[in-house]
Amino acid sequence: MSALEYLGNPPIASDHQPRIVRVAAAQLGPIAKQENREQVVKRLTALLQQAAAERCDLVVYPEMALTTFFPHWEVSDPAELESYYEKAMPEGPVVRLFEEAARLKISFSLGYAELATTPQGPRHFNSSVLVGKDGGIIGKYRKVHLPGHVDIRPQDPFQNLEKLYFEVGDLGFPVFEAFGGKLGMCICNDRRWPETYRLMALKGVELITLGYNTPLFNPDQTQSPEQRRFHNHLCMQAGAYQNSTWVVGVAKAGIEEGVEMMAGTCIIAPTGEIVVQTRTLGDELVVADCNLDACTPGKRGEFDLALNRRPEHYGLLVEAA
Ligand code: CDT
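Residues numbered from 1 in each chain as written. Predicted model: local features only at pLDDT ≥ 70, side-chain atom pairs only at ≥ 80, totals over all residues. Heavy atoms only, no water.

1. Quick notes on helix α7 (residues 225-243)
Its 19 residues place the ends of α7 27 Å apart at the C-alpha level, agreeing with the 27 Å of an ideal helix rising 1.5 Å per residue. Residues of α7 that are buried: R228, N232, H233, C235, M236, G239, A240 and N243. Projected down its long axis, α7 carries its buried residues within an arc of 150°, all on one side. The exposed residues of α7 that point more than 90 degrees off its buried face are E226 and F230. Looking at the buried side of α7, the elements it contacts are α6 (194-201), β8 (207-212), β9 (246-251), β12 (266-268), β13 (274-277) and α8 (296-300). (Helix = DSSP H or I, 4+ residues; strand = E, 2+ residues; numbered from the N terminus. Expected span 1.5 Å × (residues − 1). Buried < 20%, exposed > 50% of the residue type's maximum accessible area, 1.4 Å probe, protein only. Arc of directions from axis to C-beta. Contact = heavy atoms within 4.5 Å.)

Okay, here's the thing in structure tokens:
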């Protein structure tokens with residue numbers, strides 16, 4: 001028995017067909033406060049149809065793709081605040097997006113604000129779903145790393161109130177079987193934390209969908225827009241490389257309600273290299289053929305986690321944390 005078989009990596013069959021997933025990263029331009037679901041779903045559907053015309057298998061939309069990024073504002077009217085959350089997925093006009101995707105036989109991942117009704121009462125999460133080609137939900141993720149603050153900061157030009165409007169996600173970092181491979185999701189600030197990618201890599205993830213809403217300027221920090229753009233790609237490229245996985249990072253871009261949002265939507269190969277990238281600040285699709293088998297050299301080589309990782313020697317680090 002070879003070392004690879006011992007670690008549970010099956011040998012590659014000689015008749016193996018490459019597992020290619022044609023992915024569309026569907027960047028959105030700004031969504032105004034006044035824009036309703038109907039209008040937003042029209043934009044999402046136009047991108048979906050464009051992706052279908054390009055024979056894509058999967059469309060990846062940004063974080064909170066159905067509304068303006070409301071955590072940038074103090075929302076004092078409870079009815080307005082409630083209007084930003086989905087009480088079911090799908091509901092209302094969003095049903096049409098699911099129906100169109102099923103008609104076109106195209107899968108998608110979609111970020112949204114979730115209001116879950118539980119026996120303990122209402123719970124709010126910053127969530128995403130992975131939807132199959134039949135329009136059925138394959139899996140859900142709830143954002144774990146919520147940036148920002150709970151207090152209103154009147155001196156700031158805009159707020160960052162995710163900690164006020166959402167709970168920390170309670171689903172961990174699940175990985176789902178799809179396209180003959182393993183897919184995972186994470187959301188925006190999650191991309192800056194190595195644990196996000198590593199926890200999914202330990203479950204064999206081969207493609208991660210990742211939507212983001214990132215201002216070019218953060219009132220709480222001193223970084224320049226150039227540094228913020230650099231860090232945006234740095235963390236996603238490192239996450240892809242160190243975990244031998246595709247990463248599809250999708251922005252909400254442009255000036256949204258006066259806040260300048262970063263673009264930089266891209267598809268990153270398991271080598272850490274950017275394969276395609278958007279050029280505009282608006283609704284824009286970029287497409288790449290993501291070969292899931294391209295994860296294998298890393299997963300069987302340098303980043304064979306079972307063979308080369310040394311968790312038994314990380315004890316001191318854990319105690320110090
Ligand atoms: N949405 C989100 O998580 N955004 C954070 C930036 C907040 S700074 C005001 C991010 O890490 O991109």
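There's more to say after this.
2. Concerning the sheet that holds strand β5 (residues 137-142)
Either a parallel or an antiparallel arrangement is found when strands of a sheet pair, and the pairing is made through backbone hydrogen bonds. Read from one edge to the other, the open sheet built from six strands follows the order β5-β4-β3-β2-β1-β14, with strand pairing classed as mixed. The sheet terminates laterally at β5 and β14 (284-291), the two strands that pair on one side only. Going across the sheet, the axis of each strand differs from the next one's by a mean of 35°, ignoring polarity. Both strand β2 (residues 58-60) and strand β3 (residues 107-118) contribute to a ladder of three bridges, which runs parallel. Counterpart to L58 in the pairing with β3 is S107. Helix α2 (residues 37-53) rests against β1 (20-27), β2, β3 and β14 of the sheet, and its axis sits at about 45° to β14. Set on the sheet, helix α4 (residues 94-104) makes contact with β3, β4 (121-131) and β5; between it and β3 the angle comes to about 145°. (Pairing = 2+ DSSP bridges. Axes fitted to C-alpha atoms, helices over the stretch in contact; angles between N-to-C directions.)

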